Amino acid sequence: MADLAVRCAGIPLRNPFLLASGVWGESGESLAGAWAAGAGGVITKSIGSVPRPGYPNPTIETYERWGMLNAMGLPNPGIDEYPREVEIARRAGATVIGSVFAGDAPEFARLAARMAATGVAAVELNLSCPHAEGFGTEVGSTPENVERIVRAVVAAVEIPVIAKITPNTADPAGLAVAAERGGAAAISAINTLRALAIDVRLHRPVLSHGFGGLSGAAIKPVGLACVWQIYDKVSIPVVGVGGIMTAEDALEYVMAGAGALEVGTALTFEGVGVFGRLARDLTALLDELGYARLEDAVGAAHPAR
Amino acid sequence: MPWAPRTRPASPKGPGRPSRYIGRPLARYVRTIVRVTERVEETPSTVTLRFPYDPPAAPGQFVMVWIPGDDEIPMSLSYVSGRSKGITVKVMGETTRRVQSIPPGTALGIRGPYGNRFDLSPRRVLVVGGGSGAAVLAPAAEAARLGGTSVVVALGATRAPELLFRDRFRAMGARVEVATDDGSEGTPGFVTGVAERLLADEPFDAVWTCGPEVMMQKVIVAAGRRGVPVYCSTERHMKCALGMCDACALGPYHVCTDGPVFAADRLATVPDFASFHRDSSGRRVPF
């Protein structure tokens, strides 16, 4: 049986499938539930300095199995209240990665330090939410900003820093290179693609915020291209995310260069049991292909260097 | 950017059908634009809206109701059978107040139904409804009566005019025992007192309850003493209704996909129940 255990950003993971940020991560019990269902680790909802209710509904539009559009608007209970949710997940034994979002480098550094104090294994910086004014993509779409923010956070915490970058730019790999220069231990790619849905009978956008972020199977090829390019340009691990619904999807990302993976939208269509299924199916697929360890397949689709 | 409400009228051709899918669309994943056909003032604080919506539904399930330009809220179906579905809305906040004033002809976006349903197999059921809880209990009792189940209803409200669906319960052949806070009809006090007396006097195979969680907790305790299983219809702040966003977390469960109906023994280990819910940001708010 092929070994799914990986090390990513220095963190040992029992399998590569992390719960993606934004899905299930508002309450500690839900994080613990994803862990109990077999996730290799769980990433919290992106947490900010103050509580944030998010946008009014509709915040979501689904396209059967091929995708989902959301503009939740970064709802979160704020860093003052969130540590007890992390504590619940940690008591359940979960490997927890804390996601944070902020408006500038000093705020990122303060928040990340407080997140680190909860005992999380790493922090993931949300530099890429496509639908929140003043946050996410708006602060993370230039290499200069990404490098400055990552550098400030790395100076403020002693745990690995993962930069989650946006695909909504001409050169996502350039952002990854900037994050590596700033001292990031890993890159997560990709966040959702900025997108829109319109109800033709009502002559208006469906989501209350207008624009949202597209996730799910539809964006997998985009994510693969980004991971491929990033793998070529940085020497730190890449966490592949975007439309992973099957073991084949997962192995595509790994062969493109991902050392770990995030799963989000698949929970909408399949429920949390997706973690167990992906792990079983990926083991079988690696066995079929003759890989003893998943790590041996990282970057396998790239020409020999 | 927030989008200002548009005044342009929607197509006058009546209910729309989703068109962006190849093959048969799943109501779970698409919104269907419907038009309100009927508005009924059930009590001074409760209004029923009826609309045509084809997807089959079962008692206990809910739909997401989009009021274009406003909000999208979860509502239990108070009328589940056939094509004409219905929701019964009590004023809880600004959105529900606006929903109540919706006139016939207004366009709504509906998706669902979502969630689980009441198990209709018990033969003798005690229904305990407080406030607007009767909205989800009435269709369950109706379906049970059609199957020959005997139904006794303990129905509570602040005052007599607020007793929701009292006549509907009677019309389906259920016995209705009333409690009002001000004593204007039936037993003065809380409905839990009536429920306790009924549980002491008569044998039941199951209790179905919906209302404030503190009320449901008392019902669970009273029924538990007699070994009668209790099923609670619960409510939490809800956004996606698809088990993704975590807004409706209730302990280890999500109300949208694991509920809204929970057997009481599943709730026994949930610290949230009858203790706190979460607001739109995920902060804990005590009841």
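Given the structure is predicted, the values throughout are model-derived calculations rather than measurements. (Residues numbered from 1 in each chain as written. Chains lettered and ligands numbered in written order. Predicted model: local features only at pLDDT ≥ 70, side-chain atom pairs only at ≥ 80, totals over all residues.)

### Let's talk about the overall build of chain B
Quick note on the threshold: Each helix corresponds to a stretch of at least 4 residues labelled H or I by DSSP, and each strand to a stretch of at least 2 residues labelled E; elements are numbered beginning at the N terminus. Restricting the calculation to C-alpha atoms gives the radius of gyration, and the globule rule supplies 2.2 Å times the number of residues raised to the power 0.38. Field definition: a residue is buried when 20 or more other C-beta atoms are found within 10 Å of its C-beta, exposed when 12 or fewer are, and partly exposed for counts in between, with C-beta atoms placed from the backbone. Residues are treated as contacting if the C-beta atoms built from their backbones sit within 7 Å of each other.
Helix and strand content of chain B: 7 helices and 18 strands. Its C-alpha atoms give chain B a radius of gyration of 19 Å, near enough to 19 Å, the size a compact globule of 287 residues would have. Once the C-alpha set of chain B is aligned to its principal axes, its extents read approximately 60 × 40 × 40 Å. Looking at the 287 residues of chain B, the share that counts as buried comes to 51%. The contacts in chain B between residues at least 6 apart in sequence include a share of 60% that link residues at least 24 apart.

### Re the interface of chain A and chain B
Inclusion rule: Gly is put with the polar residues, along with every residue not named as nonpolar or charged; the nonpolar set is Ala, Val, Leu, Ile, Met, Phe, Trp, Tyr, Cys and Pro, and the charged set is Asp, Glu, Lys and Arg.
Chain A puts 36 residues into the contact, and the matching count from chain B is 34 residues. For the side of chain A that touches chain B, the elements supplying multiple residues, two or more each, are α1 (28-36), β5 (60-63), β13 (204-205) and α9 (266-270) of chain A. Split into classes, the residues belonging to the side of chain A that touches chain B amount to 13 nonpolar, 14 polar and 9 charged.

### Comments concerning the sheet that holds strand β11 (residues 193-195) of chain A
Two modes of strand pairing occur in sheets, parallel and antiparallel, and in both the strands are linked by backbone hydrogen bonds. Residues and elements named next belong to chain A. To be explicit about the condition: Strands qualify as paired when DSSP identifies two bridges or more between them. Orientation is described by axes fitted as lines to C-alpha atoms, over the contacting stretch for helices, and by angles from 0 to 180 degrees between their N-to-C directions.
Read from one edge to the other, the open sheet built from 4 strands follows the order β5-β6-β14-β11, with strand pairing classed as antiparallel. Looking at which strands have only one partner, the edges of the open sheet turn out to be β5 and β11. Put simply, the sheet's adjacent strands are angled 30° from each other on average, direction ignored. In this structure, strand β6 (residues 67-70) lies alongside strand β14 (residues 212-215), joined through 3 bridges in antiparallel fashion. Paired with L69 across the two strands is L214, which belongs to β14.

### Examining unusual backbone geometry
In most cases, non-glycine residues show a negative phi, while peptide bonds are predominantly trans. With an omega of -5°, the peptide bond between A:N57 and A:P58 qualifies as cis. Among the secondary structure elements, A:P58 is positioned in the loop between β4 (41-43) and β5. Note that the residue after B:G112, namely B:P113, is joined by a cis bond; omega there is 5°. As for its position among the elements, B:P113 is in strand β7 (residues 107-114). Within the chain, B:D246 stands out as a residue other than glycine whose phi angle is a positive 80°. As for its position among the elements, B:D246 is in the loop between β13 (230-233) and β14 (249-250). Under the C-beta neighbour-count criterion, B:D246 is labelled buried, with 24 such atoms within 10 Å.

### Side note on the domain arrangement of chain B
Accessible area lost during the coming together of the parts is what is often quoted as the interface size. Residues and elements named next belong to chain B. Stated precisely, the cut-off is as follows: An automatic or database domain assignment supplies the residue ranges for each domain.
Considered domain by domain, chain B is made up of domain 1 (32-114) and domain 2 (124-286). Between domain 1 and domain 2, the C-alpha centre-to-centre distance is 20 Å. For the side of domain 1 that touches domain 2, the class distribution of residues is 9 nonpolar, 8 polar and 2 charged.

### Quick notes on the sheet that holds strand β9 (residues 161-164) of chain A
Residue and element names in this part refer to chain A. The strand order β3-β4-β7-β8-β9-β10-β15-β16 describes a closed barrel built from 8 strands, whose pairing is parallel. Taking the axes of each pair of neighbouring strands and ignoring which way they run, one obtains an average angle of 25° across the sheet. In this sheet, strand β15 (residues 238-241) lies alongside strand β10 (residues 186-189) in parallel orientation, the contact comprising 3 bridges. Paired with S188 across the strands is V239, a residue of β15. Against the sheet, helix α3 (residues 105-116) makes contact with β7 (96-100) and β8 (122-126), and its axis sits at roughly 155° relative to β7, the strand it touches most.

### Details of the nonpolar core
Heads up, the rule is: Core membership is restricted to buried Ala, Val, Leu, Ile, Met, Phe, Trp, Tyr and Cys residues, and these are joined into a nonpolar core through C-beta atoms within 7 Å.
If you look at the biggest cluster of nonpolar residues, it comprises 202 residues, and the most contacted ones within it are A:V123, A:I162 and A:I187. By residue number, the principal contributor to this core is helix α2 (residues 134-146) of chain B, which donates 8 residues. Domain assignment of the residues forming this core places at least three in each of domain 1 (32-114) and domain 2 (124-286) of chain B. The residues touching A:I187, leaving out its near neighbours within four places in the chain, are A:A163, A:I165, A:A176, A:A179, A:I230, A:V234, A:I236, A:V238 and A:V239.

### Observations regarding the packing of helix α7 (residues 220-233) of chain A against helix α8 (residues 247-256) of chain A
Residue and element names in this part refer to chain A. The condition is simple: Throughout, the term roughly parallel applies to angles under 35 degrees, roughly antiparallel to angles over 145, roughly perpendicular to angles from 65 to 115, and oblique to all others.
Viewed as axis vectors pointing N to C, α7 and α8 meet at an angle of 25°, and their least axial separation amounts to 8 Å. By the criterion of interaxial angle, the relationship of α7 to α8 is roughly parallel. On α8, the residues touching K220, L224, V227, W228 and Y231 of α7 are D249, E252, Y253 and A256. Residue composition of the contact of α7 with α8, by class: 6 nonpolar, no polar and 3 charged.

### Structural notes on helix α5 (residues 143-156) of chain A
The following threshold applies: For a helix, the expected span equals 1.5 Å multiplied by the residue count minus one.
The terminal C-alpha atoms of α5(A) lie 20 Å apart, and with 14 residues this matches the ideal 20 Å at 1.5 Å per residue to within 8%. Taken together, the buried positions of α5(A) are A:V146, A:E147, A:I149, A:V150, A:A152, A:V153 and A:V154.

### Thoughts on helix α6 (residues 172-182) of chain A
Residue and element names in this part refer to chain A. Within α6, 8 of the 11 residues are buried, which leaves it mostly tucked inside the rest of the structure. Within α6 the residues assigned to the buried category are P172, A173, L175, A176, A178, A179, E180 and G182. Contacts from the buried residues of α6 go to α5, β9, β10 and α7.

### So, the environment of A:A185
Residues and elements named next belong to chain A. Summarising the element assignment, A185 is placed in the loop between α6 and β10. Overall, the presence of 21 C-beta atoms within 10 Å leaves A185 in the buried class. Put simply, A185 and V154 are 31 residues apart on the chain and 9.2 Å apart in space, counted from C-alpha to C-alpha. Among all residues touching A185, those that are not within four sequence positions of it are A9, G10, P160, V161, I162 and I236.

### Regarding the packing of α8(A) against helix α10 (residues 274-289) of chain A
Residue and element names in this part refer to chain A. Spelled out, the test is: In this scheme, a crossing is called left-handed if the near helix is turned counterclockwise away from the far one by less than a right angle; it is called right-handed if the turn is clockwise.
α10 packs onto α8 with a crossing angle of 65° between their chain directions and a minimal axis gap of 8 Å. Crossing angle aside, the handedness with which α8 passes α10 is right-handed. Two secondary-structure elements touch here, α8 through A247, E248, A250 and L251 and α10 through L278, D281, L282 and L285. Looking at side-chain class alone, the contact of α8 with α10 contains 6 nonpolar, no polar and 2 charged residues.

### Examining the confidence of the model for chain B
All names here are of chain B. What counts here: On a range of 0 to 100, pLDDT expresses the predictor's confidence in each residue.
When pLDDT is averaged along chain B, the result is 91; 91% of the residues meet or exceed 70. Between residues 1-24, whose pLDDT stays under 50, and residues either more than four places distant or in other chains, the model counts 28 contacts. For this predicted complex, the interface confidence score (ipTM) comes to 0.93, while the overall pTM stands at 0.92.

### Quick word on the pairing of strand β16 (residues 258-263) of chain A
Residue and element names in this part refer to chain A. Across the 6 residues of β16, 6 count as buried, placing the element largely inside the fold. Two strands pair when backbone bridges link them, and strand β3 (residues 17-19) and β16 are joined in this way by 3 bridges, in the parallel orientation. Looking at the pairing, L19 lines up with V263 of β16.

### Looking at the environment of A:P172
Residue and element names in this part refer to chain A. Inspection of the secondary structure puts P172 in helix α6. Exposure remark for P172: the 25 C-beta atoms within 10 Å place this residue in the buried category. In the structure, P172 is positioned 31 residues away from S141 in sequence and 8.4 Å away in space, judged by C-alpha atoms. If sequence neighbours within four positions are ignored, P172 has contacts with I165, T166, P167, A189, I190 and C226.

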